[in-house]
Amino acid sequence: MSSVVETVTQMVTPILEEQNFELVEIEFVKEGKNWFLRVFVDKEGGIDIEECAFISEKLSEKLDAAEPDPIPQAYFLEVSSPGAERPLKKEADYEKARGEYIHVSLYQPVDGEKQYEGFLQSFDAEQLTLKIRIKTREKEIVFDRKNIAKARLAIQF
């Protein structure tokens, strides 16, 4: 984890806890010639634009007042909801997603594929089980957790 992400996590956590919001993820990335600090937050029932603006304002004040400046280069601060396809990062995210339709990207192929979508059946520290549909039949596939590059909620079409 980068020092910028660690520093921002420490700064934003008290703001979020005070409002009963959840920190989903923080990214500090360069896209083209611009840097972006993205803070994804959520709460039970979802978060609205006014709440995102409130968090952005409070975090911006803390960042501007910090000495030394934790982010010396110019950047854009974005505070938003993780959206309908929120990432699954923590164990609590996986617990909430049990029975839900998710997308899994793998480091190494399983049965020749590196991406799967299906219903999260179960998980533990070592493995994750998805129920997937192949044409007209259902099949359960077990993945090693260490082989999962990314997991997120997905929208089923």
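Everything numeric here is computed off the predicted structure, so don't read it as measured data.

Definitions and limits used
Residues numbered from 1 in each chain as written. Predicted model: local features only at pLDDT ≥ 70, side-chain atom pairs only at ≥ 80, totals over all residues. Heavy atoms only, no water. Helix = DSSP H or I, 4+ residues; strand = E, 2+ residues; numbered from the N terminus. Expected span 1.5 Å × (residues − 1). Buried < 20%, exposed > 50% of the residue type's maximum accessible area, 1.4 Å probe, protein only. Arc of directions from axis to C-beta. UniProt positions renumbered as here; feature names shortened; annotations may be inferred. Pairing = 2+ DSSP bridges. Bend = angle between axes of the 7 residues up to and from the residue. Contact = heavy atoms within 4.5 Å. Domains from an automatic or database assignment. Buried area = accessible area lost by both parts, 1.4 Å probe. Salt bridge = Lys/Arg side-chain N within 4 Å of Asp/Glu carboxyl O. Polar contact = N/O pair within 3.5 Å; in protein donor to acceptor, adjacent residues only side chain to side chain.

Moving on, we come to helix H2 (residues 49-65). Along its 17 residues, H2 runs 24 Å from first to last C-alpha, staying within 8% of the 24 Å computed at 1.5 Å per residue. Every buried residue of H2 is accounted for by Glu51, Cys52, Ile55, Leu59 and Leu63. For H2, the buried positions fall inside an angular range of 100° around the axis, keeping them on one side. Within H2, the exposed residues directed more than 90 degrees away from the buried face are Ile49, Glu50, Asp64 and Ala65.

To continue, consider the UniProt feature "domain: Ribosome maturation factor RimP C-terminal" (unreviewed entry) in the chain. In the UniProt entry, the feature "domain: Ribosome maturation factor RimP C-terminal" (unreviewed entry) is given for residues 88-157. Annotated as 10% helix and 61% strand, the span residues 88-157 places its first and last C-alpha atoms 20 Å apart.

Bringing the pairing of strand E6 (residues 127-134) into the picture now. Pairing analysis gives four bridges linking strand E5 (residues 113-123) to E6, with the strands arranged antiparallel. Paired with phenylalanine 119 across the bridge in E6 is lysine 131. Hairpin connection from E5 to E6: three residues lie between these consecutive antiparallel strands. Between E6 and strand E7 (residues 137-144), which pair antiparallel in sequence order, lie two residues; one of them, lysine 135, sits at a positive phi of approximately 55°.

On to helix H1 (residues 3-19), then. Given a rise of 1.5 Å per residue, 17 residues ought to cover 24 Å, and the 25 Å separating the end C-alpha atoms of H1 matches this to within 8%. At valine 12, H1 is deflected by roughly 30°, the largest bend along its length, and proline proline 14 occurs up to four residues later in sequence. Within the sequence span of H1, burial applies to Val4, Val5, Val8, Met11, Val12, Ile15 and Leu16. Those residues of H1 that are buried are in contact with strand E1 (22-31), strand E2 (34-42) and H2. Just beyond H1, the residue with positive phi is asparagine 20, at close to 60°.

Okay, the domain arrangement of the chain next. Splitting the chain by domain gives domain 1 (2-78) and domain 2 (85-151). The C-alpha centroid of domain 2 is placed 29 Å from the C-alpha centroid of domain 1. If you look at the interface, domain 1 gives five residues, while domain 2 gives six residues. Taken together, both faces of the contact between domain 1 and domain 2 bury some 450 Å²; the carbon and sulfur share is 32%. Of all residues in domain 1, the largest losses of buried area upon contact with domain 2 belong to Glu22, Val24 and Glu25, amounting jointly to 80% of the total for that side. At the surface where domain 1 touches domain 2, the tally comes to five salt bridges. Note that arginine 86 is salt-bridged to aspartate 42, the shortest N-O span being 2.9 Å. For the interface between domain 1 and domain 2, the tally reads five residue pairs in polar contact (both at pLDDT 80 or more). Considering each element in turn, the side of domain 1 that touches domain 2 owes the most residues, four residues, to E1.

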